There are 2 protein chains.
Amino acid sequence: MASAKPIKKPKKSVALSGTEAGNTAICTVGITGNDLHYRGYDILEFATVAEFEEIAYLLIHEKLPNRQELTDYKAKLKSYRDIPQAVKTVLEQLPKETNPMDVMRTGCSALGCIQPEERDHNKPNAQKLTDKLVASFGSMMLYWYHYSHHDKKINLVTDDDTIAGHFLHLLHQKPPRQSWIKAMHVSLILYAEHEFNASTFAARVISSTLSDIYSCMTGGIGALRGPKHGGANEEACKIQLRYGSVQEAEKDIRQRMANNEIIIGFGHPVYTVSDPRNVVIKKVAHDLSVENNDMLMFDVADKLESVMWDEKKMFPNLDWFSAVSYHQMHIPTKLFTPIFVIARATGWGAHAIEQREEGKIIRPSALYVGDEELAFVPLDQRK
Amino acid sequence: MASAKPIKKPKKSVALSGTEAGNTAICTVGITGNDLHYRGYDILEFATVAEFEEIAYLLIHEKLPNRQELTDYKAKLKSYRDIPQAVKTVLEQLPKETNPMDVMRTGCSALGCIQPEERDHNKPNAQKLTDKLVASFGSMMLYWYHYSHHDKKINLVTDDDTIAGHFLHLLHQKPPRQSWIKAMHVSLILYAEHEFNASTFAARVISSTLSDIYSCMTGGIGALRGPKHGGANEEACKIQLRYGSVQEAEKDIRQRMANNEIIIGFGHPVYTVSDPRNVVIKKVAHDLSVENNDMLMFDVADKLESVMWDEKKMFPNLDWFSAVSYHQMHIPTKLFTPIFVIARATGWGAHAIEQREEGKIIRPSALYVGDEELAFVPLDQRK
């Protein structure tokens, strides 16, 4: 695989593009232009057959679990669903208008005060904290959501077998459809890990000072929050819901392209041929739409995919049909990026732990472009 | 200055050492081996004559303020001292045992929920938020400190003229000595900015996704928390307080060096000759010690400086005599790194704003060192 690595041109819109900032055994992205491997396994081999918990285990605990390990792991994750009362009180202070990513960032940081990492930073404990956060991020989000939006203090403990089911159950306050749970597994798996993307790299920079897991995670959330990163699936959704028909969508997008408008949900800083996750999530979006007998959004997204390819040779990334999928599961748009957090927390944790083992602080240089050798003028002589 | 730039060898213990990760007009570090410039001004020209607010203005608002601008700026900062009741309630949830850096991270994140950045991310507003955080970080810290340690809800509004005075007043709950205020100005100025150090770089990675100022700041706090970064002044303090005499200190440190123990507070990933801030903070530490008629800690630190130079040719960094200075002002050791936050928040804010203007996402590559092309084994066939 590494030997077949093609020479990639660094992208001008990306700082440190193509520069190796460290070693990893967790992931490769786009080695052949359109492939993605987690710890050596091609995502196309498992994305539709595995449960998210299997892949979380692979990323955090470094191997695929056998049946017994998976059963034990899921039981452990289930036991992590509730959050301390102090964190609930913190979440209750955050107004309805708050960006849900700010809620995630604050909930994570507060949990780090109530249940801090042990000072010796041993690896099993760091893995456990990562598991805890992966299992309870949905709880935090939905506790705040129902409290701030519906004035309701929900119970965070459910009998659902998986993180996917638990999330949908808490959100809709009823046991979820099996097809939706399945769709959520696929989505969480696809969003789980992506090498040195900006949020993971932020987590690694923080980890490199030997800070704690919670600090790495809050940094990851902060970076993912940006519209150039995790916010893209929410933007894609807004585009797809803008139109009353496929024809209207096509006409409008052609017009926008003529005006050089950037269409969110297309292209990628690393993949050159296509995003391998697109074909997987597109089928999920399609099947959910058929089941709901509600094809307009999917058809619009599908048409815009063709138009973007015909006109610009740009391919949709994971965000494009994730938007359709989440919308079909009646997930409010503003919760899309928080779901990304639940998934990617597996990758952030794995990378934070790996960076600690690497033992180097990340401290690049800068190119200085400012004024040089100015003479300091005392206050009373300044104009 | 740039033309005189010597070729520096990348350090093996530092990832991306010597690699330019972006442009900056804010700072240069160690161009001649032992100099530090903020926006073109040599810190040695202003560190002992300026107020911290002048330098905060220089970093955040990109020029030295004249008398009127400084007066207006200080009045504005003064008006930012109080924090919303919701943030106070959040801080009240955090136990006494919490790492104060986790408190800072959580308070900052919570404030970002209550008073979020405007969506258009305009520069004057980003500068204002940076000012607000610089002015209120001390309030957050000391509100939590007195509440959790002394069961006291302190008033955060004081009449002190400066951030330095406000901090000392809130901490000690009485108007501070002029000499201590002066010492605090020097210390805050020296800690304010340091180019692409790990915490600032974390803030820039987060900013590069176009995330908000609060996310950049929480990332900065998370990175600074690590013992390889901001935690060093607290470690230095513990070393210096360990000894009952200068002789005992010298003997013990020689023994530890013989055992290859790393002595925190010495050496630096960028400076090669000396840390230019040391001579400045050393005088502050000396004068405060003389005033307190309490020379032991200073004398120990001074002796260890000579021993480290004689034996290892290692020089003390800013943290070494900062520890003595803070201790002489009766600041609890665990609040040393939070003071670093108050100071460095000026640099983080300036860099976050600059990174936005740069317009690039920071997304390096990794060197893959893991397993390749593993075949996915279905769950029931795994051993």
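The structure we're discussing is the one just above.
Rules used in this analysis
- Residues numbered from 1 in each chain as written.
- Chains lettered and ligands numbered in written order.
- Predicted model: local features only at pLDDT ≥ 70, side-chain atom pairs only at ≥ 80, totals over all residues.
- Heavy atoms only, no water.
- Contact = heavy atoms within 4.5 Å.
- Buried area = accessible area lost by both parts, 1.4 Å probe.
- Salt bridge = Lys/Arg side-chain N within 4 Å of Asp/Glu carboxyl O.
- Core = buried A, V, L, I, M, F, W, Y, C linked by side-chain atoms within 4.5 Å.
- Buried < 20%, exposed > 50% of the residue type's maximum accessible area, 1.4 Å probe, protein only.
- Helix = DSSP H or I, 4+ residues; strand = E, 2+ residues; numbered from the N terminus.
- Polar contact = N/O pair within 3.5 Å; in protein donor to acceptor, adjacent residues only side chain to side chain.
- Least-squares fit on C-alpha atoms with pLDDT ≥ 70 in both.
- 1 Å grid on protein atoms, 1.4 Å probe; cavity = no way out; pocket = protein on both sides within 12 Å on 5 of 7 lines; lining within 4 Å.
- Points joined across faces, edges and corners; volume = space filled by probe spheres on them.
- Nonpolar A, V, L, I, M, F, W, Y, C, P; charged D, E, K, R; others polar.
- Disulfide = S-S within 2.5 Å.
- Axes fitted to C-alpha atoms, helices over the stretch in contact; angles between N-to-C directions.
- Parallel < 35°, antiparallel > 145°, perpendicular 65-115°, else oblique.
- Left-handed = near helix turned anticlockwise from the far one by under 90°.
- Patch = residues over 30% accessible without salt bridge, like charges linked within 9 Å, V, L, I, M, F, W, Y side chains within 5 Å.
- Areas by Shrake-Rupley, 256 points an atom, 1.4 Å probe, with all protein chains shown as cover.
- Lys, Arg positive; Asp, Glu negative; His and termini not counted.
- Charge placed at Lys NZ, Arg CZ, Asp CG, Glu CD.
- Expected span 1.5 Å × (residues − 1).
- Phe/Tyr/Trp six-rings, centres within 6.5 Å; stacked < 30°, edge-to-face > 60°.

A. Representation of the interface of chain A and chain B. Contacts between the two partners involve 99 residues from chain A and, on the opposite side, 99 residues from chain B. Between chain A and chain B the total buried area reaches about 8900 Å² when both faces are included, carbon and sulfur atoms providing 59% of it. Viewed at the interface, chain B and chain A are joined by 10 salt bridges. R363(A) is paired through a salt bridge with E195(B); the nearest N and O atoms lie 2.7 Å apart.

B. Local environment of the nonpolar core. Counting 260 residues, the largest nonpolar core has F137(A), F201(A), I331(A), F137(B), F201(B) and I331(B) as the members making the most contacts within it. Apart from the residues within four sequence positions on either side, F201(A) is in contact with L16(A), A21(A), F196(A), I362(A), L16(B), F201(B), V205(B), I362(B) and P364(B).

C. Fine view of helix 13 (residues 276–291) of chain B. All names here are of chain B. Within helix 13 the residues assigned to the buried category are P276, R277, N278, V280, I281, V284, A285, L288 and S289. Contact partners of the buried residues in helix 13: strand 4 (36–38), helix 1 (43–46), helix 8 (178–191), helix 14 (296–312), helix 15 (318–328) and helix 16 (336–358). Among the residues of helix 13, the N-terminal cap falls to D275, whose side-chain oxygen and the backbone nitrogen of R277 are separated by 2.9 Å.

D. Structural context of the side chain of Q127(A). Residue and element names in this part refer to chain A. Residue position: Q127 is located in helix 6 (residues 123–150). On the basis of relative accessible area, Q127 is assigned to the buried category, the value being 11%. The contact partners of Q127, leaving out residues within four places of it in the chain, are I60, H61, E62 and I353.

E. The relation of the copies chain A and chain B, seen in detail. Here chain A sits on chain B after a turn of 180 degrees about the axis and a move of 0.0 Å along it, with an RMSD of 0.0 Å. Here the two chains are linked by the operation of a two-fold rotation axis. When the interface residues of chain A are mapped onto chain B, 100% of them are again interface residues, pointing to one common binding face.

F. Examining empty space enclosed by the protein more closely. All names here are of chain A. In total, this model carries 1 cavity of 30 Å³ or more according to the counting rule given. If you add up the space inside the largest cavity, you get close to 30 Å³. Contributing to the lining of the largest cavity are V134, A135, G138, I163, H166, F167 and I342. When residues of the lining of the largest cavity are traced back to their parent elements, those giving at least two are helix 6 and helix 7 (163–172). Residues belonging to the lining of the largest cavity are distributed by class as follows: 5 nonpolar, 2 polar and no charged.

G. Main features of the state of the cysteines. In this structure the tally under the stated criterion is 0 disulfides over all chains. Here C27(B) stays unpaired: no disulfide links it, and the sulfur of C216(B), its closest cysteine neighbor, is 18 Å away.

H. Molecular detail of the packing of helix 6 (residues 123–150) of chain B against helix 10 (residues 213–224) of chain B. Residue and element names in this part refer to chain B. Put simply, helix 6 and helix 10 touch, their axes get as near as 10 Å, and they point 40 degrees apart. The pairing of helix 6 with helix 10 is recorded here as oblique in orientation. Here the hand of the crossing between helix 6 and helix 10 comes out right-handed. Across the interface between the two elements, A126, L129, T130, L133 and F137 from helix 6 touch I213, Y214, M217 and I221 from helix 10.

I. Molecular detail of a negative patch on the surface. Where like charges cluster on the molecular surface, the negative patch consists of E45(A), D371(B), E372(B) and E373(B). Within the fold, D371(B) resides in the segment after strand 7 (365–368). Looking at D371(B), the relative accessible area reads 48%, which means it is partly exposed.

J. Representation of helix 10 of chain B in the model. All names here are of chain B. End to end, helix 10 covers 16 Å across 12 residues, agreeing with the expected 16 Å (1.5 Å per residue, within 8%). Taking burial as the measure, the 12 residues of helix 10 include 12 buried ones, the bulk of the element. For helix 10, the full list of buried residues reads I213, Y214, S215, C216, M217, T218, G219, G220, I221, G222, A223 and L224.

K. Structural view of the packing of aromatic side chains. On inspection of all chains with the given rule, the structure shows 21 aromatic pairs over all chains. Ring centres 6.3 Å apart and planes at 85 degrees place the aromatic pair F376(A) and Y41(B) in the edge-to-face group. Here F376(A) is found in the segment after strand 7 (365–368), whereas its partner Y41(B) is found in strand 5 (residues 41–42) on a different chain. Y41(B) gets classed as buried once you look at its relative accessible area, which sits at 13%. When the ring of Y326(B) is compared with that of F336(B), the centres are 5.1 Å apart and the planes differ by 65 degrees; the resulting orientation is edge-to-face. Placement of the pair is Y326(B) in helix 15 and F336(B) in helix 16, with a sequence separation of 10 residues. Assessed through its relative accessible area of 0%, Y326(B) is described here as buried. Cluster of aromatic residues (ring-pair linked, three or more members): Y38(A), Y41(A), F46(A) and F376(B).

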